[in-house]
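What follows is each chain in one-letter form.
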Amino acid sequence: ASRGEVFAADLVAAAGAELIGLVAYTPGELVAKRMMADPTRYPGTFSALRSIVSEKGVKGIFTGLGACLARDLPYTALQFAIFDALASKVMAAHGDEDAPKLRFSESLMIGAGAAVVASTATLPIDAIKSQMMLATEKIRIPALVSKVLADEGPSAFFRGLPTYMTINICKWSSSQAVFNQLRGSTEGGH
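Quick caveat: nothing in here was measured; it's all calculated off a predicted structure.

### So, the layout of surface pockets
Move 1: Of the voids in this model, the largest pocket is the one considered here, and its volume is about 570 Å³.
Move 2: Lining of the largest pocket is provided by 28 residues; of these, Arg71, Leu123, Asp126, Tyr164 and Asn168 occupy positions nearest its centre.
Move 3: When residues of the lining of the largest pocket are traced back to their parent elements, those giving at least two are helix 1 (3-37), helix 3 (65-94), helix 4 (104-134), helix 5 (141-152) and helix 6 (161-186).
Move 4: Taken as a whole, the second largest pocket spans an internal volume of roughly 430 Å³.
Move 5: No other element matches the three residues that helix 3 contributes to the lining of the second largest pocket.

Structure, rendered in structure tokens:
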């Protein structure tokens, strides 16, 4: 397979896995955002879920799913595909075709680089997702984007970038490094 085909396959596989995870994740994220914004709104997680379902139906607990999909599918797809593309280049530079393996430090650095790109590309989507989850009424994405731009300007979409990037660098670089070390130890040392 060509590099482009491998990159595309990585994008699709990562996005598919993320899609399944988001269906389970979104109700908890919704409750967490609402409880952080107003700790007195619900007495607990399950009462929040019951309250949302009674007000909006089961569909209500998936408020923000579209925005989560719009943020997380590209983030995860970019993260994995960029990591694999860079890792392939580093392993090819090692020159050992029989047992290409990334060093732990290489996995950390490649994971950090991939996280920087993915974080920067998707933070505006995360900002929109958070605003949607905090809204008390349904709001369409174009209207929300226009409102944020008018009220706060374009920089509002990148507010918190250093923190967001730092969290993602730590999370993804360490996950990738450990994953690659464990995968290498189960593949006969490759």
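The rest of the description comes next.
### Remarks on the packing of helix 1 against helix 4
Move 1: Relative to each other, helix 1 and helix 4 sit at 75°, their axes nearing to 9 Å. Between helix 1 and helix 4, the angle is such that the two are roughly perpendicular. For the pair helix 1 and helix 4, the contacting residues are Thr26, Glu29, Leu30, Lys33, Arg34 and Ala37 in the first and Lys129, Ser130, Met133 and Leu134 in the second.
Move 2: Split by residue class, the contact of helix 1 with helix 4 holds four nonpolar, two polar and four charged.

### Structural notes on the side chain of lysine 129
Move 1: Relative to the assigned elements, lysine 129 resides in helix 4.
Move 2: According to the relative accessible area criterion, lysine 129 is buried, its value standing at 0%.
Move 3: There is a polar contact of 2.6 Å between the side chain of lysine 129 and the side chain of glutamate 29.

Cut-off values and rules
- Throughout, residues of each chain are indexed from 1 in the direction in which the sequence is written.
- For this predicted model, a pLDDT threshold of at least 70 governs which residues receive local features, and a threshold of 80 or more governs which side-chain atom pairs are given and counted, while totals over whole chains, interfaces and linings are taken from all residues.
- Here the side-chain values reflect all heavy atoms present in the structure, with hydrogen atoms and water set aside.
- Put simply, the grid is 1 Å and covers the protein atoms alone, a cavity is a trapped set of points that fit a 1.4 Å probe, a pocket is an open set with protein on both sides within 12 Å along at least five of seven lines, and lining residues have an atom within 4 Å of a point.
- Grid points are joined across faces, edges and corners, and a volume is the space filled by probe spheres set on the points.
- Put simply, DSSP marks the helices as runs of H or I at least four residues long and the strands as runs of E at least two long, and each gets a number from the N terminus on.
- Every axis in this analysis is a line fitted to C-alpha atoms, fitted for helices over the stretch in contact. Angles between the N-to-C directions lie between 0 and 180 degrees.
- Orientation is classified from the angle alone, with under 35 degrees giving roughly parallel, over 145 giving roughly antiparallel, 65 to 115 giving roughly perpendicular, and any other angle giving oblique.
- Contacts are residue-level and defined by heavy atoms, with any inter-residue pair within 4.5 Å sufficient.
- For this scheme, ten residues count as nonpolar: Ala, Val, Leu, Ile, Met, Phe, Trp, Tyr, Cys and Pro. Four count as charged, namely Asp, Glu, Lys and Arg, and the remainder, Gly too, count as polar.
- Exposed residues in this analysis have more than 50% of their type's maximum accessible area, buried residues have under 20%, and partly exposed residues fall in between, with area computed by a 1.4 Å probe over protein chains only.
- Whenever a nitrogen or oxygen atom comes within 3.5 Å of another N or O atom, the pair is scored as a polar contact, on the condition that within protein one atom can donate a hydrogen and the other can accept it, and that pairs from neighbouring residues in sequence are kept only if both atoms are in side chains.

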